[in-house]
Amino acid sequence: MRLFYNPEFIGTKLFPDFFWRTINGKILLTFDDGPNPETTEIILKKISDLKIKSLFFCVGNNVFKYPELTREIFSEGHLIGNHSFNHSVLLGKPQSFVRNEIQKANVAIESAIGIQPEYFRPPKGRFSLTLKRTLTELKMKNVMWNLLTFDYKNDLNIVKFALINFLKADSIVVMHDNKKNKSILSEEIELLFNIAKEKELEFGAPAECLK
Ligand SMILES: [Zn+2]
């Protein structure tokens, strides 16, 4: 049951140089799959109210379509990470494919915000030795997680269960900037904030949590 929420144990053994938790004992909140004109603004409003700085793993093609929105995330002090260009699963793909997916997204992100991202998260969390090698060559770091909220199921009770049972001091929490969970977005962020408070845990900014 625990591994279902937290792939940490197997992953850390095989890929110790990936980030599986924060390094400073603070919670890092991450949002995958954006930017999205239906949901990014909802997230930005909420995390600004709660004073949380987040890491947005953006899909290159979405950055290409919505550069303004990407700039807005960045200008509010959040970090943009690379989540591939087409959200294609990279496991089992040749290195040329993997590199192209990452580099194309880097170009889209750099043209939107002026800098290349340092952090990468693989679509659907599927990684490989080829991915690891490619990221090393590109001097990028892979960021996994130790708390999946399953928010894409769009059920606040499922998110609540995950947070109450598994949120801890060094959690890297995955939520989605995606219309699938649009109706619970504001509430799920608030829930995370409140459960962290009850557990007396702090949030950290991306740069300090990952280094
Ligand atoms: Zn994704």
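Given the structure is predicted, the values throughout are model-derived calculations rather than measurements. (Residues numbered from 1 in each chain as written. Predicted model: local features only at pLDDT ≥ 70, side-chain atom pairs only at ≥ 80, totals over all residues. Heavy atoms only, no water.)

J.: Sorry if this is basic, but what is going on with the overall build of the protein chain here?
T.: Along the backbone of the protein chain there are ten helices and seven strands. For 211 residues, the compact-globule estimate of 2.2 N^0.38 gives 17 Å, and the C-alpha radius of gyration of the protein chain, at 16 Å, lies within 12% of that figure. Expressed as lengths along the three principal axes of its C-alpha atoms, the size of the protein chain is roughly 45 × 40 × 30 Å. Out of the 211 residues belonging to the protein chain, those deemed buried represent 53%. In the protein chain, the share of contacts with a sequence separation of at least 24, taken over all contacts with a separation of at least 6, comes to 77%. (Helix = DSSP H or I, 4+ residues; strand = E, 2+ residues; numbered from the N terminus. Rg over C-alpha atoms; globule rule 2.2 N^0.38 Å. Buried < 20%, exposed > 50% of the residue type's maximum accessible area, 1.4 Å probe, protein only. Contact = heavy atoms within 4.5 Å.)

J.: I keep staring at the pattern of salt bridges and nothing clicks. Help me out?
T.: Side chains that differ in sign of charge can pair as their charged atoms come close. Using the criterion set out here, one finds twelve salt bridges in the structure. For the salt bridge of K182 with E38, the shortest nitrogen-to-oxygen distance reads 3.5 Å. You can see K182 sitting in the loop between β7 (172-176) and α9 (185-198) and its partner E38 sitting in the loop between β1 (28-32) and α3 (40-49), a full 144 residues away along the chain. Residue class for E38 comes out partly exposed when judged on its relative accessible area of 38%. Between K168 and D170 there is a salt bridge, and its shortest N-O distance comes to 3.0 Å. The class of D170 is buried, set by a relative accessible area of 18%. When salt bridges that share partners are traced, they join R21, K168 and D170 into one network. (Salt bridge = Lys/Arg side-chain N within 4 Å of Asp/Glu carboxyl O.)

J.: Just checking my understanding: could you explain the nonpolar core for this structure?
T.: Soluble globular proteins tend to pack their nonpolar side chains together in the buried interior. One finds F31 and L167 to be the most contacted residues of the largest nonpolar core, which totals 36 residues. Every element with two or more residues in this core is listed here: β1, α3, β2 (55-58), α6 (95-113), α8 (156-166), β7 and α9. A per-element tally of this core places α9 first, with six residues. L167 has contacts with I27, L147, A162, V173, L192, I195, A196, K199 and L201, leaving out every residue within four places of it along the chain. Of all hydrophobic cores here, the second largest spans 25 residues; its members include F18, I172, V174 and L210. (Core = buried A, V, L, I, M, F, W, Y, C linked by side-chain atoms within 4.5 Å.)

J.: How do you make sense of α3 when you look at a structure like this?
T.: Residues three or four positions apart in an α-helix share a direction because the helix packs 3.6 residues into each turn. Looking at α3, one finds that the buried residues are T40, I43, L44, K46 and I47. A positive backbone phi angle near 55 degrees is found at K51, which sits one or two residues after α3.

J.: I keep staring at the layout of surface pockets and nothing clicks. Help me out?
T.: Using a probe with the size of a water molecule, rolled over the atoms, empty space left in the structure can be pinpointed. For the second largest pocket, the calculated volume is near 170 Å³. Around the second largest pocket, the lining is made up of 13 residues, and of these D33, P35, N36, N62 and K65 lie nearest the centre. Its residues assigned to classes, the lining of the second largest pocket comprises four nonpolar, six polar and three charged. (1 Å grid on protein atoms, 1.4 Å probe; cavity = no way out; pocket = protein on both sides within 12 Å on 5 of 7 lines; lining within 4 Å. Points joined across faces, edges and corners; volume = space filled by probe spheres on them. Nonpolar A, V, L, I, M, F, W, Y, C, P; charged D, E, K, R; others polar.)

J.: How should the coordination of the zinc ion be read in this particular structure?
T.: Four donors placed tetrahedrally about a metal ideally form angles of 109.5 degrees, and six donors placed octahedrally ideally form angles of 90 or 180 degrees. Surrounding the zinc ion are the protein donor atoms D33 (OD), H83 (NE2) and H87 (NE2), at 2.1 Å. When its relative accessible area of 23% is taken as the criterion, H87 is described as partly exposed. (Donors = N, O, S within 2.8 Å, 3.2 Å for Na, K, Ca; no water.)

J.: Explain the environment of K180 here, please?
T.: Within the secondary structure, K180 is located in the loop between β7 and α9. When its relative accessible area of 53% is taken as the criterion, K180 is described as exposed. Each C-alpha atom, one on K180 and one on N154, is 6.5 Å from the other, the two residues being 26 residues apart in sequence. Setting aside anything within four residues of it in sequence, one finds K180 in contact with Y152 and N154.

J.: Teacher, can you tell me more about the state of the cysteines here?
T.: Working definition: the covalent bond between the sulfur atoms of two cysteines is a disulfide. One pass over the structure, following the stated rule, counts zero disulfides. Not part of a disulfide, C58 finds its nearest cysteine sulfur in C209, a span of 18 Å. You can call C209 buried: its relative accessible area is 0%. (Disulfide = S-S within 2.5 Å.)

These values are about where atoms sit, not about what they do.
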